[in-house]
Amino acid sequence: MSELVTGAWLESHAHGERRFLKIGDVPLESGEVLEDVVIAYQSWGELNSNKDNAILVNHALTGWSDVPGWWPSMVGPGLPFDTDKYFVVCPNVIGGCQGSTGPSSIAPDGKRYGSRFPSLTIRDMVAAEIKFSDLLGIAKYRLAVGPSLGGMRALEWAVQHPDRVGAICTIGSSAVATGDQIGTASIQIRAIKNDPYFNSGDYYEQERGPIDGMGIARRIAHLTYRTEAEMDIRFGRELQGDDTGRYAVESYLDHQANKLAQRFDANTYIYLTEAMNSHDIGRDRGGVVAALESITIPVVAVSIDTDRLFPVRLQAEIADFAPHAVPLVTISSPFGHDGFLVEVESVGNVIRQALDLAK
């Protein structure tokens with residue numbers, strides 16, 4: 001399969017540091033059942049004899065199980081996820097494309113799922129993580145932590161499974177998807193679906209996949225991850241200085257799109273984005289405030305002051321209404337939503353605080 005079809009990890013590829021756990025069937029909120037699910041994951045440190053030193057790291061939309069690969073300087077001896085103390089585990093979500101069962105995976109009938117893959121919600125992802133944790137023998141995590149999509153899942157753990165986690169830390173995330181987020185995401189999804197090679201999601205046997213459409217989606221998304229000021233200060237109206245005639249900022253966005261094409265899948269982009277759009281912690285729970293007020297464990301909500309995708313008010317809502325939440329932690333960064341990847345010292349200090357609060 002050509003790299004121009006998908007950047008997904010496929011069965012013929014080297015495993016790298018991935019490990020795989022078969023968790024069986026996962027009933028979904030839609031009423032469908034995702035059969036014979038496999039979770040790809042990585043871990044660091046050792047699970048102690050009491051099995052009470054585990055940390056669950058929930059990755060963001062285009063993250064994967066290799067935490068040091070996407071969140072540098074966070075995992076290791078003496079680092080925020082201190083492997084001398086903790087067993088740190090990060091599963092690739094269902095619907096993902098880096099080893100867990102997703103649209104690019106081979107279905108039970110021997111063909112890749114493609115358009116047949118069922119729709120997912122945040123709660124479906126957590127249901128799979130519960131089964132995964134059970135099979136690892138982890139009855140309770142000390143902390144569930146994650147940015148963006150990962151923060152949504154951590155919050156769902158706190159509401160639905162407070163007996164399974166000592167505390168959560170949700171970073172640059174929210175209790176509910178906003179109209180602005182859904183609007184921006186819908187344009188990204190449309191860009192992929194309108195790629196002439198999308199073929200309704202069944203492109204895996206083609207010579208080319210919807211790489212251009214996913215590239216447009218990534219360019220749009222990346223602008224929401226960074227800030228207007230950074231783009232202007234860093235690039236302004238400068239030309240790239242090559243024979244393309246591009247502005248420097250265009251070249252930068254092209255680079256981001258090309259990088260993603262090497263490690264991601266267009267269908268996964270759609271399914272995970274749609275899951276984020278469906279996110280509403282208050283659905284069937286009496287509303288967002290009622291759901292947040294039901295949380296019985298410590299909550300640390302972290303915002304980035306320049307985040308235009310997940311503005312500060314969204315984390316403030318979590319901190320204001322979760323009864324055992326600490327006051328909102330706001331990190332100052334010129335890098336917007338992506339600040340959680342850059343301001344590792346500040347984020348690391350907050351994670352240490354969350355670990356100290358864990359019940």
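Provided above is the structure to which this section pertains.
The numbers attached to residues start from 1 for each chain and follow its sequence in the written order. Local features are withheld for residues below a pLDDT of 70 in this predicted model, meaning they are given only at 70 or higher, and side-chain atom pairs are given and counted only at 80 or more; totals for whole chains, interfaces and linings count all residues. The side-chain values count all of the structure's non-hydrogen atoms but skip hydrogen atoms and water molecules.

## Things to note about the overall build of the protein
Strands are runs of DSSP state E lasting at least two residues, helices are runs of H or I lasting at least four, and both sets are numbered from the N terminus onward. Across its full length, the protein carries twelve helices and ten strands. Throughout, the radius of gyration refers to the C-alpha atoms, and the reference size of a globule is 2.2 Å times the residue count to the power 0.38. On C-alpha atoms alone, the protein measures out to a radius of gyration of 20 Å, which is about the 21 Å that the 2.2 N^0.38 rule sets for 359 residues. Counting every position in the protein, which comprises 359 residues, the buried fraction comes to 58%. Any two residues whose heavy atoms approach within 4.5 Å at even a single point are treated as in contact. If you take every contact in the protein between residues at least 6 apart in sequence, the share linking residues at least 24 apart comes to 74%. Summing over all exposed atoms, the protein offers an accessible surface of approximately 14,500 Å²; the carbon and sulfur share of this is 50%. Measuring between centres, the 31 positive side-chain charges of the protein sit 2 Å from its 46 negative side-chain charges. Only protein chains enter the calculation, and the probe is 1.4 Å; a residue is then buried if its accessible area is under 20% of its type maximum, exposed if over 50%, and partly exposed in between. Residue burial considers only the protein chains on display, and all accessible areas are found by Shrake-Rupley using a 1.4 Å probe. None of His or the chain ends enter the tally, which takes Lys and Arg as positive and Asp and Glu as negative. Charged groups are reduced to one reference atom each: NZ for lysine, CZ for arginine, CG for aspartic acid, CD for glutamic acid.

## Structural notes on the pairing of strand 3 (residues 54-57)
Of the two faces of strand 3, the one lined by Ala54 and Leu56 and the one lined by Ile55 and Val57 are each fully buried. Here the rule is simple: two strands pair whenever DSSP picks up at least two bridges between them. Pairing between strand 3 and strand 6 (residues 87-91): three bridges, direction parallel. Residue pairing across strands places isoleucine 55 opposite valine 88, the latter belonging to strand 6. Relative to strand 7 (residues 143-147), strand 3 runs parallel, the two being bridged by three bridges. The residue bridging leucine 56 from the neighbouring strand is alanine 144, located in strand 7.

## Observations regarding the pattern of salt bridges
Any Lys or Arg side-chain nitrogen located within 4 Å of an Asp or Glu carboxyl oxygen qualifies as a salt bridge. As enumerated under the stated definition, the model contains 15 salt bridges in all. The closest approach of N and O atoms between glutamate 11 and arginine 112, which form a salt bridge, is 3.1 Å. Residue glutamate 11 is found in the segment before strand 1 (19-27), and its partner arginine 112 is found in the loop between strand 6 and helix 2 (122-136); the two are separated by 101 residues along the sequence. A salt bridge links arginine 208 to aspartate 212, with the shortest nitrogen-to-oxygen separation between them at 3.0 Å.

## Some remarks on unusual backbone geometry
A positive phi angle, close to 50°, is found at aspartate 36, a residue other than glycine. Along the chain, aspartate 36 turns up in strand 2 (residues 33-44). Of note, asparagine 199 is a non-glycine position whose phi angle comes to about 55°, a positive value. Position of asparagine 199 relative to the elements: it lies in the loop between helix 4 (179-193) and helix 5 (211-225). Residue classification places asparagine 199 among the partly exposed positions, given a relative accessible area of 43%.

## Details of the nonpolar core
Definition of nonpolar core: a set of buried residues of the types Ala, Val, Leu, Ile, Met, Phe, Trp, Tyr and Cys, connected through side-chain atoms within 4.5 Å. Formed by 75 residues in total, the largest nonpolar core has its most connected members in Tyr141, Ile168, Tyr269 and Ile295. Among residues more than four places away in sequence, those in contact with isoleucine 295 are Leu155, Ala158, Val159, Ala322, Pro323 and His324.

## A few points about helix 8 (residues 266-277)
In this model helix 8 runs 17 Å from its N-terminal to its C-terminal C-alpha over twelve residues, within 8% of the 16 Å that 1.5 Å per residue would give. Burial analysis of helix 8 places eleven of its twelve residues in the buried class, which makes it a mostly covered element. All buried positions along helix 8 are accounted for by Ala266, Asn267, Thr268, Tyr269, Ile270, Tyr271, Leu272, Thr273, Ala275, Met276 and Asn277. Contacts made by the buried residues of helix 8 are with helix 2, helix 3 (149-160), helix 4, helix 5 and helix 7 (248-261). By the N-cap criterion, in which a side-chain oxygen at the helix start approaches the backbone nitrogen of a residue two or three places on, helix 8 is capped by aspartate 265, the distance to asparagine 267 being 3.2 Å. How far a helix is expected to stretch is found by multiplying one less than its residue total by 1.5 Å. Counted as a polar contact is a pair of N or O atoms within 3.5 Å, where, for protein atoms, one must be capable of donating a hydrogen and the other of accepting one, and residues adjacent in sequence contribute only when both atoms are in side chains.

## Some words on the environment of isoleucine 318
Its location among the elements puts isoleucine 318 in helix 10 (residues 312-321). Sequence separation between isoleucine 318 and leucine 292 is 26 residues; the distance between their C-alpha atoms is 6.7 Å. Those residues in contact with isoleucine 318 that lie beyond four places of it in its chain are Leu155, Thr170, Ser174, Ala175, Leu292, Val299, Ala301 and Ala325.

## Remarks on the pairing of strand 6
Here strand 6 lies mainly inside the structure; five of its five residues are buried. Going residue by residue along strand 6, you find Phe87, Val89 and Pro91 tucked away on one face and Val88 and Cys90 tucked away on the opposite face as well. The sheet contact formed by strand 2 and strand 6 spans four bridges and is antiparallel. Residue glutamine 42 lies in a different strand from strand 6, and its bridge partner there is cysteine 90.

## Re the layout of surface pockets
A volume near 700 Å³ is recorded for the largest pocket. In this analysis the probe radius is 1.4 Å and the grid spacing 1 Å, with only protein atoms considered; a cavity is a set of points the probe fits into but cannot get out of, a pocket is an open set with protein on both sides within 12 Å along at least five of seven lines, and lining residues have an atom within 4 Å of a point. Lining the largest pocket we find 35 residues, and of these Thr62, Arg218, Tyr225, Asp338 and Leu341 sit closest to its centre. If you list the elements that add at least two residues to the lining of the largest pocket, you get helix 1 (67-70), helix 4, helix 5, helix 7, helix 8 and helix 11 (339-342). For the lining of the largest pocket, the element with the most residues is helix 5, which contributes five residues. Grid points are joined across faces, edges and corners, and a volume is the space filled by probe spheres set on the points.

## Observations regarding the sheet that holds strand 10 (residues 329-331)
Spatially, eight strands are ordered 1-2-6-3-7-8-9-10 in an open sheet, and the strand pairing comes out mixed. Because the sheet does not close on itself, it has two edges, and the strands there are strand 1 and strand 10. The average undirected angle you get between the axes of adjacent strands in this sheet is 25°. In the sheet, strand 8 (residues 168-171) pairs with strand 9 (residues 299-304) via four bridges, with the strands oriented parallel. Paired with cysteine 169 across the bridge in strand 9 is valine 300. Fitted lines through C-alpha atoms give the axes, limited to the stretch in contact for helices. The angle between two N-to-C directions lies from 0 to 180 degrees. Relative to strand 9, helix 10 is tilted by about 165°, and along the sheet it contacts strand 8, strand 9 and strand 10.

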